[in-house]
Amino acid sequence: MSELLRCLQFGVKCLFAPQLFNLNNKSLEEDDDLSDSEESVYSGLQDSGSDSDEEEEKGGSDDEDEQDQNEKVLIPLADKLTYGKNDIRNTVGNIPMEWYKDFPHVGYDLDGKKIFKPIRNKDELDDFLEKMENPDYWKTVHDKKTASDIVLSDEQIELVNRLQKGQFGDVNFNEYEPTVEFFSNDVMIHPVTNRPADKRSFIPSLIEKEKVSKLVHAIKMGWIKPRRVQDDSRGRFYDLWANEDSSILAKHKMHLPAPKIPLPGHEESYNPPPEFMFTDEEKALWEQQDPSDRKLPFIPKKYPSLRQVPAFSRFIHERFERCLDLYLCPRQRKMRVNVNPEDLIPKLPKPKDLQPFPTTQALVYRGHSGLVRSISVSPSGQWLVSGSDDGSVRLWEVCSSRCVKTVPVGGAVKSVAWNLNPSLCLVAVAVGSAVLVLSPALADKQVVSSSERLLSAQQEEGPSEGSQPVVWSETEREELNQGIRLKIQHPKAVHQVTWHSKGDYLASVMPDHSSHLQVFIHQLSRRRSQNPFRRNKGLVQAVSFHPIRPYFFVATQRSVRIYNLVKQEMTKKLQANSKWISSIAVHSGGFIFCFDVFVYTDWFGFFLAIRHHKKAVRSVAYHRGYPLFASASDDGSVIVCHGTVYNDLLQNPLIVPVKVLRGHVITHDLGVLDVTFHPTQPWVFSSGADATIRLFT
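Worth saying up front: this structure is predicted, and the values here are computed from it rather than measured. Per chain, residue numbering runs from 1 following the sequence as it is written. pLDDT decides what is reported in this predicted model: residues at 70 or higher carry local features, side-chain atom pairs at 80 or more are listed and counted, and totals for whole chains, interfaces and linings draw on all residues regardless. Neither water nor hydrogens contribute to the side-chain values; these are computed over all heavy atoms in the structure.

Participant: So what's going on with the overall build of the protein? Which residues, and what values?
Facilitator: By definition, any uninterrupted DSSP run of H or I lasting at least four residues is a helix, any uninterrupted run of E lasting at least two residues is a strand, and each is numbered from the N terminus. From N to C terminus, the protein includes 13 helices and 33 strands. Any residue under 20% of the maximum accessible area for its type is buried, any over 50% is exposed, and the rest in between are partly exposed; the area is computed with a 1.4 Å probe on protein chains only. Looking at the protein residue by residue over its 697 residues, the buried ones come to 36%. Surface summary for the protein: the accessible area is close to 45,000 Å², and the carbon and sulfur share equals 52%. Residue burial considers only the protein chains on display, and all accessible areas are found by Shrake-Rupley using a 1.4 Å probe.

Have a look at this one:
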């Protein structure tokens, strides 16, 4: 709009400068019907020059006598500058072309539509080749308005040379002709004067300027709108299927002709051949079939003559159904995409390229008489601890599957966890409503002494706030001889225990709907416990510390909350699509692997579902060093997957199941209850309901 207004304002200056347009008007008089040509290659200028030719004809006839002298100079140049038949004149007026140097158009027509520039297909290389090959290149002039190349003739080149030398264009013009005295002292009735034109002839009129300003204001306010093209399609109706080859239907590119009715066959004859007649079995089968499943909508019958054939009872009904099909069926051409089904399957790497990962069963640890619900490996990878429903905790040597020590705890063990700090040798055991801290003494003297110093710390006396929900106590005699050093009594049954990576903090979980006392964090060095939550956040199922960062993960039935231990606030909440979350595993890179066949990625913020198990998933685990994770299920299998995470945040991680490990016997509809990886080797341990622990390497 700003460009159009600028053109209108500039047009005021050109209203009273006919000499500026004289050359253009004369050059456009030769071929009047060029501007209306529909076969022009300059398709961008077809809307221009509709009314200008008529005005030029009128103007040329009125001022013919007054401009004889100017025509002597201008007409020869206009006669020589002849254009082709496909030329369409640019009617934007005497407007500087620099205004539209960066635009695809060169002006506007009377309706306010853009007049686009002609398309030039020549680049610099083509221009150079033409310069070298075309002998007339030096006398070729490019017209910016019409985008055409004009080859000057010899006479035109001579005319240009004379003008450049400061000479007159007309050769026959005599500049030394004697002057004619038009002014005399005699009074004449019709005086002839050579007085120059007034100054007001060259200055834009104030009246015209006011009119143009009113037009500009009206265009800005929307009072003047361009002429609308009348839509001839309104009120025009036609039958789609009246004539399939009509010119109207040819305009519809997506039109599909109505399907043709198949021609009648031998089975529709009044005297069909014997092979088309139905037998009794075929007739009974035809009657039992659904009408949509029948190959023929009728039973072929034989008549002695055509005169005795009765009328078809369903004729009107079938014609009505066909009309409905033609009327309601969307007859539109659809582009069929031929896609190979194999291309839709992602290209996964071969498992042998993703080695190492556990493939075979190496050892079986036997000794428990009940369900082995939990196992844990020491940070050195030399020892293994397991807890069972038979009321005992067993310590195993990994390489030999030898039971080193058996500690009776007097109840079913729900969870065991080995301290993650390599400088400590401690094991936490959840038995009933108590958490036992064991010192197995399966390390060198320095590690054992540091563990003893941590356990011998005195309990700090905090401010008394009534009865404490957690009671710390030291064991005596038999329990002390078994290696049980501390006993942390909870108000309710403990289902899970987990260690912090530094080894001083321990978290315990007591699921309960009616109380907010579900999670406790214990500090061994000061022997104090605290409840981090003042409100009930739902039924807590599992908790975990981040291996590196100060984050604490709390998993309820339907969500996972992430808390910042430094800021003491919740940073994020991940809503799960699973019905029940009972186990989580946290990777050092920030990945969370949850129960119920769902993988949640905290770092990237998307969810991936892995459904390889046929029954419920009991436990999940990450490897610390290798890109492996495993899941254990009640179907008696352990599935090991290889995960690849890309630096591109928009690309999903690649998860490839590499091995399905089997060996556990399903007992009482329970399969594998717990799974964990070796800290350094690509080995995986699994414990099942068959009272065994298996090592896969």
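There is more to say after this.
Participant: Lay out the nonpolar core with the relevant residues and their values.
Facilitator: Proteins that are soluble and globular tend to have nonpolar side chains buried together. One finds Leu426, Val497, Trp499 and Leu524 to be the most contacted residues of the largest nonpolar core, which totals 20 residues. Only β11 (427-431), β12 (434-438), α12 (445-455), β14 (484-489) and β15 (496-499) provide two or more residues apiece to this core. Once residues within four sequence positions are removed from consideration, Leu426 is found in contact with Ala417, Trp418, Asn419, Val437, Leu438, Ser439, Pro440, Ser451, Leu454, Leu455, Trp499 and Leu524. Core analysis: the next-biggest nonpolar cluster, separate from the first, contains 18 residues, Val393, Leu395, Leu438 and Leu442 among them. Here, nonpolar core refers to any group of buried Ala, Val, Leu, Ile, Met, Phe, Trp, Tyr and Cys residues whose side-chain atoms link them within 4.5 Å. It only takes one pair of heavy atoms within 4.5 Å for two residues to be counted as in contact.

Participant: Lay out the sheet that holds strand β16 (residues 505-509) with the relevant residues and their values.
Facilitator: The antiparallel open sheet is built from 4 strands, whose spatial order is β15-β16-β17-β18. Every interior strand has two partners, whereas the edge strands, β15 and β18 (528-530), have only one. Neighbour to neighbour, the strand axes of the sheet diverge by 20 degrees on average, direction disregarded. The criterion for strand pairing is that DSSP finds at least two bridges linking the strands in question. Here strand β17 (residues 519-523) pairs with β18 via 3 bridges, running antiparallel. Bridge pairing in β18 links His522 to Ser529. Helix axes are fitted to C-alpha atoms over the stretch in contact, other axes to C-alpha atoms as well, and angles between N-to-C directions run from 0 to 180 degrees.

Participant: Mind laying out the pattern of salt bridges, listing which residues take part and the relevant values?
Facilitator: By definition, a salt bridge exists where a carboxyl oxygen of Asp or Glu is found within 4 Å of a side-chain nitrogen of Lys or Arg. In the structure shown here, the tally under the stated rule is 11 salt bridges. Put simply, Glu210 and Lys214 hold a salt bridge, and the shortest N to O gap is 3.9 Å. Linking Glu210 with Lys214, this pair stays in helix α7 (residues 206-221), spanning 4 residues, or about one helical turn.

Participant: Which residues make up the environment of Val684, and what values go with them?
Facilitator: Within the fold, Val684 resides in strand β32 (residues 684-688). By relative accessible area, Val684 is classed as buried at 1%. Along the primary structure Val684 and Gln361 are separated by 323 residues, whereas in three dimensions their C-alpha atoms are 9.6 Å apart.

Participant: Describe the environment of Gly387, naming the residues involved and giving the relevant values.
Facilitator: Residue position: Gly387 is located in strand β7 (residues 383-388). Of the residues examined, Gly387 reaches a relative accessible area of 0% and is grouped as buried. Separated by 27 residues in the primary sequence, Gly387 and Lys414 have C-alpha atoms spaced 7.1 Å apart.

Participant: Pulling in residues and values, what's your account of the UniProt feature "repeat: WD" (unreviewed entry) in the protein?
Facilitator: UniProt positions are given in the numbering used here, feature names are shortened, and annotations may be inferred rather than shown by experiment. Mapped onto this structure's residue numbering, the UniProt feature "repeat: WD" (unreviewed entry) falls at residues 365-406 and 665-697. Annotation note: span residues 665-697, helix share 0%, strand share 48%, distance between end C-alpha atoms 19 Å.

Participant: Can you break down the sheet that holds strand β10 (residues 413-418) residue by residue, with the values?
Facilitator: Strand order in the open sheet formed by 5 strands is β10-β11-β12-β14-β13, with antiparallel pairing between adjacent strands. With one partner strand each, in any of the chains shown, β10 and β13 (471-474) form the two edges of the open sheet. Strand-to-strand, the axes of this sheet are offset by a mean angle of 20 degrees, without reference to chain direction. With 5 bridges connecting them, β11 and β12 associate as antiparallel partners. By the bridge assignment, Ala430 is partnered in β12 with Val435.

Participant: With reference to specific residues and values, describe the packing of aromatic side chains.
Facilitator: Each Phe, Tyr or Trp ring, with Trp reduced to its six-membered ring, pairs with another whose centre is within 6.5 Å; inter-plane angles below 30 degrees give stacked pairs, above 60 give edge-to-face pairs, and intermediate values give tilted ones. Within this structure, the stated rule accounts for 7 aromatic pairs. Ring geometry for Tyr365 against Trp396: centres 5.7 Å apart, planes inclined by 75 degrees, an arrangement best described as edge-to-face. With Tyr365 in strand β5 (residues 361-366) and Trp396 in strand β8 (residues 392-397), this pair connects stretches of sequence that are 31 residues apart. Here the two residues Tyr365 and Trp396 agree in accessibility, since each one is buried. Aromatic side chains Tyr365 and Phe685 sit 6.4 Å apart centroid to centroid with 50 degrees between the ring planes, which places their arrangement in the tilted category.

Participant: Tell me about the side chain of Ser392, residues and numbers included.
Facilitator: By secondary structure assignment, the location of Ser392 is in strand β8. Nitrogen and oxygen atoms within 3.5 Å of one another constitute a polar contact, given that in protein one can donate a hydrogen and the other can accept it, and given that sequence-neighbouring residues count only through two side-chain atoms. A distance of 2.9 Å separates a polar atom in the side chain of Ser392 from a polar atom in the side chain of Asp390. When sequence neighbours within four positions are dropped, the list of residues in contact with Ser392 reads His368, Ser386, Gly387, Thr406, Val407, Pro408, Val409, Gly411 and Val413.

Participant: Lay out the pairing of strand β27 (residues 617-622) with the relevant residues and their values.
Facilitator: Side chains on a regular strand alternate between the two faces of the sheet. By the criterion of burial, β27 is predominantly enclosed, with 5 of the 6 residues buried. Sheet topology places β27 next to strand β28 (residues 628-633); 5 bridges connect them, and they run antiparallel. Looking at the pairing, Val617 lines up with Ser633 of β28. From the end of β27 to the start of β28, which pair antiparallel, there are 5 residues.

Participant: Go over a negative patch on the surface with me, naming the residues and quoting the values.
Facilitator: Put simply, a patch holds well-exposed residues, over 30% relative accessible area, that have no salt bridge, with like charges counted together within 9 Å and Val, Leu, Ile, Met, Phe, Trp or Tyr side chains within 5 Å. When charges are tallied, Lys and Arg are placed among the positive residues and Asp and Glu among the negative ones, while His and the ends of the chain are skipped. Lys charges are placed at NZ, Arg charges at CZ, Asp charges at CG and Glu charges at CD. Where like charges cluster on the molecular surface, the negative patch consists of Asp123, Glu124, Asp126 and Asp127. Positionally, Asp123 belongs in the loop between β2 (114-116) and α5 (124-133).

Participant: Now, about the confidence of the model for the protein: what can you tell me, with residues and values included?
Facilitator: The share of residues in the protein with pLDDT of 70 or more is 74%, and the mean pLDDT across the chain is 77. Counted against residues more than four places away or in other chains, residues 7-88, with its pLDDT under 50, gives 105 contacts. Across residues 595-607, where pLDDT falls below 50, the model places 54 contacts with residues more than four positions away in sequence or in other chains. Per-residue confidence from the predictor is reported as pLDDT, which spans 0 to 100.

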